[in-house]
Amino acid sequence: MSVNESWNFLLKRAYEVSKKNSFVDFKTCLKNLDNPQKKFKSIHIAGTNGKGSCGAILSEIFMASGYKVGVYSSPHILCPTERIRINGKAISKQKFEKYLGLISATEKRNNNSLSYFEILTAMAFQIFADEQVDIAIIETGIGGKKDITNIIKPAFCLITSIGLDHNKTLGNTIEKVAMQKAGIIKKGVPVAFGKIESKPLKIIKKVAVDKGAKIFSYENILASKNLKLNTINPAQKINANICYKVAKFFDIGDKIILSSIKKTKIPARMQVVKQDNATFIIDGAHNIEAIKNCLTSLPKKENMVLVVSLMADKNCQKIVQQISKHGGDIIFTEVKNSRTETAKNLAKFIDIKSPKKIIACKNVATAMACAEPYKYRVFLGSFYLASKVLDELKYKI
């Protein structure tokens, strides 16, 4: 199978969930692979926002320290192979196809039924074991406690942030979400926290104390170190501070940590691309906290437009109302995905008395064309939109 064929094969299972959230079939698959997840050291990352950013920063830090580093993250931006990386580079298409074949064969041999995320996770574990990585940075998919990645026994745990997202799966209160994220904390395994509000922080700290996990609380340590980040996103300062604590636990020096943080580039996270006398700002923000962060991070510019696409399972009304507080005009659009909300429906959430110019476009290409009169073009609301825009701009990761 080609990568496209392989990905289409996986997408057929995209919304399957393992029976009763049990890991039975997944554990059977791993057992028949000789439990690859036990053959490498790992760092486990959970959090509503900031997982990908922390994973990217930690990868740079460990690589600069001479480690062979594996990263397993989601979603991908341009190609599924990005989800599994070795020393900063996505695995090859040939390797993706090979390991998908291996996991599929194991699944059939044992008459298992794996979800697409279980297949991808098993692929990542086997690749990291075969590549003999020194450390693997593993992001959760959704939540933590019931997430498939939670089968690992990491050397360090990291919870970046707690906010409302994936409410049907994780719960509709911040306390319920906190309990799910805290599920990655293991007995005796150190854990670091991001800048988290007091209520959810109290919950996850109690879990850590109950499990005898050493706690590394959030501190703005880097404020005194004159650190300049390679981004316009101030939230990355929080992520950088978390990663600093993790790196110090592994006895990595300040010089390597600071230089690595400075050079880290993170696609589709407040990413700036300049092309044809226009400035594109592309952010995969797709929940209310991430949207707020994106909007407050934007430079104060005239001639700016916001291009927005949202999935229907998000709190679209609340997100659109948040976006409408920004000064720019708004273009709503749709990506090719069964979950996408229509541009027309999104536009209905805007106050009809709003002085803004509001446009609804059926596809991203049309939306980009409508945005051409504006010098500053901000794309936000989903990683699917970010992916499409970067593809249209011929951007390579």
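Look up: the structure comes first, before these words.
Below is a short write-up of the structure. Nothing here was measured: the structure is a model prediction, and the numbers come from that model.

Considering the overall build of the protein chain
Along its length, the protein chain carries 15 helices and 14 strands. For the protein chain, whose C-alpha radius of gyration is 21 Å, the value lies close to the compact-globule estimate of 21 Å for 397 residues. Considering only C-alpha atoms, the protein chain reaches an extent of 60 × 50 × 40 Å along its principal axes. Scored against the burial criterion, the 397 residues of the protein chain give a buried share of 55%. Partitioning the intrachain contacts of the protein chain with sequence separation of at least 6 by distance along the chain shows that 75% fall at a separation of at least 24. Accessible surface computed for the protein chain: about 18,600 Å², of which carbon and sulfur atoms make up 50%. Side chains of the protein chain carry 64 positive and 33 negative charges; the gap between the two charge centres is 3 Å.

Thoughts on the nonpolar core
Counting residues in hydrophobic clusters, the biggest one holds 32 residues, and the most contacted among them are Tyr72, Ile84, Ile103, Met123, Phe125 and Phe128. Of all the secondary-structure elements, those providing two or more residues to this core are helix H2 (24-32), strand S3 (84-86), helix H4 (93-109), helix H5 (116-131) and strand S5 (135-139). Ranked by the residues each element gives to this core, the list is headed by H5, at eleven residues. If near-sequence neighbours (up to four positions away) are discounted, Met123 is found in contact with Ile84, Phe96, Tyr99, Leu100 and Ile103.

Quick word on the layout of surface pockets
Of the volumes computed, that of the second largest pocket is approximately 180 Å³. Classifying every residue of the lining of the second largest pocket by side-chain character gives four nonpolar, five polar and two charged.

Here's the deal with the sheet that holds strand S8 (residues 215-216)
If you walk across this open sheet you meet the eight strands as S4-S3-S2-S5-S1-S6-S7-S8, and the pairing is mixed. With partners counted over all chains shown, the strands left at the sheet margins are strand S4 (89-90) and S8, one partner each. Of the pairings in the sheet, the one linking strand S1 (residues 42-46) to strand S6 (residues 156-159) comprises four bridges and is parallel in character. Within S6, the residue paired with Ala46 across the bridge is Ile159. Where helix H8 (residues 198-210) meets the sheet, its contacts fall on S6, strand S7 (191-193) and S8, and the angle it forms with S7 comes to roughly 170°. Lying over the sheet, helix H9 (residues 235-249) contacts S1, S6, S7 and S8, oriented at roughly 175° with respect to S6.

Let's talk about the environment of Ser338
Along the chain, Ser338 turns up in the loop between strand S12 (329-332) and helix H13 (343-347). Among the residues examined, Ser338 registers a relative accessible area of 68% and is labelled exposed. A sequence separation of 70 residues divides Ser338 from Ala268, and the C-alpha atoms of the two residues are 21 Å apart.

Observations regarding the state of the cysteines
By the definition in use, this model includes zero disulfides. Cysteine Cys361 is unpaired, with the sulfur of Cys370 as its nearest cysteine sulfur at 3.7 Å. Classification of Cys361 by relative accessible area gives buried; the value is 4%.

Some details on the sheet that holds S12
Reading across the sheet, the six strands line up as S9-S10-S14-S11-S12-S13 and stay open at both edges, with mixed pairing between neighbours. Edge positions in the sheet fall to strand S9 (271-275) and strand S13 (358-360), since each of these pairs with one other strand and no more. Neighbour to neighbour, the strand axes of the sheet diverge by 20° on average, direction disregarded. Sheet topology note: the strand S11 (residues 304-308)/strand S14 (residues 376-380) ladder contains five bridges and is parallel. Bridging from a neighbouring strand, Val307 pairs with Phe379 of S14.

About the thresholds
Every chain is numbered on its own, with residues counted from 1 as its sequence reads. Reporting of local features is limited, given that this is a predicted model, to residues whose pLDDT is at least 70; pairs of side-chain atoms are given and counted only at 80 or more, and all residues count toward the totals for whole chains, interfaces and linings. With hydrogens and water excluded, all non-hydrogen atoms of the structure serve as input to the side-chain values. The helix count covers DSSP runs of H or I at least four residues long, the strand count covers runs of E at least two residues long, and both are numbered beginning at the N terminus. The quantity called the radius of gyration is restricted to C-alpha atoms. Its globule counterpart is 2.2 Å times the number of residues to the power 0.38. Relative accessibility decides the category of a residue: with a 1.4 Å probe and only protein chains considered, values under 20% of the type maximum give buried, values over 50% give exposed, and everything between is partly exposed. By definition, residues are in contact when any of their heavy atoms lie within 4.5 Å. Here the accessible surface of atoms and residues is derived via Shrake-Rupley with a 1.4 Å probe, and residues count as covered only by protein chains that are part of the display. The charged-residue count follows a simple rule in which Lys and Arg add positive charge and Asp and Glu add negative charge, with His and chain termini not counted at all. The atom standing in for a charge is NZ when the residue is Lys, CZ when it is Arg, CG when it is Asp and CD when it is Glu. We call a set of buried Ala, Val, Leu, Ile, Met, Phe, Trp, Tyr and Cys residues a nonpolar core when their side-chain atoms join them within 4.5 Å. Only protein atoms enter the 1 Å grid used here, on which a cavity is any set of points holding a 1.4 Å probe that cannot leave and a pocket is any open set flanked by protein within 12 Å on both sides along at least five of seven lines; residues with an atom within 4 Å of a point are listed as lining. Grid points are joined across faces, edges and corners, and a volume is the space filled by probe spheres set on the points. In this count, Pro and Cys sit with the nonpolar residues alongside Ala, Val, Leu, Ile, Met, Phe, Trp and Tyr, while Asp, Glu, Lys and Arg are called charged and the others, Gly among them, polar. In this scheme, strands are said to pair when DSSP sees at least two bridges between them. Angles run from 0 to 180 degrees between N-to-C directions of axes, and those axes are lines fitted to C-alpha atoms, restricted for helices to the stretch in contact. Defined by distance alone, a disulfide is two cysteine sulfur atoms within 2.5 Å.

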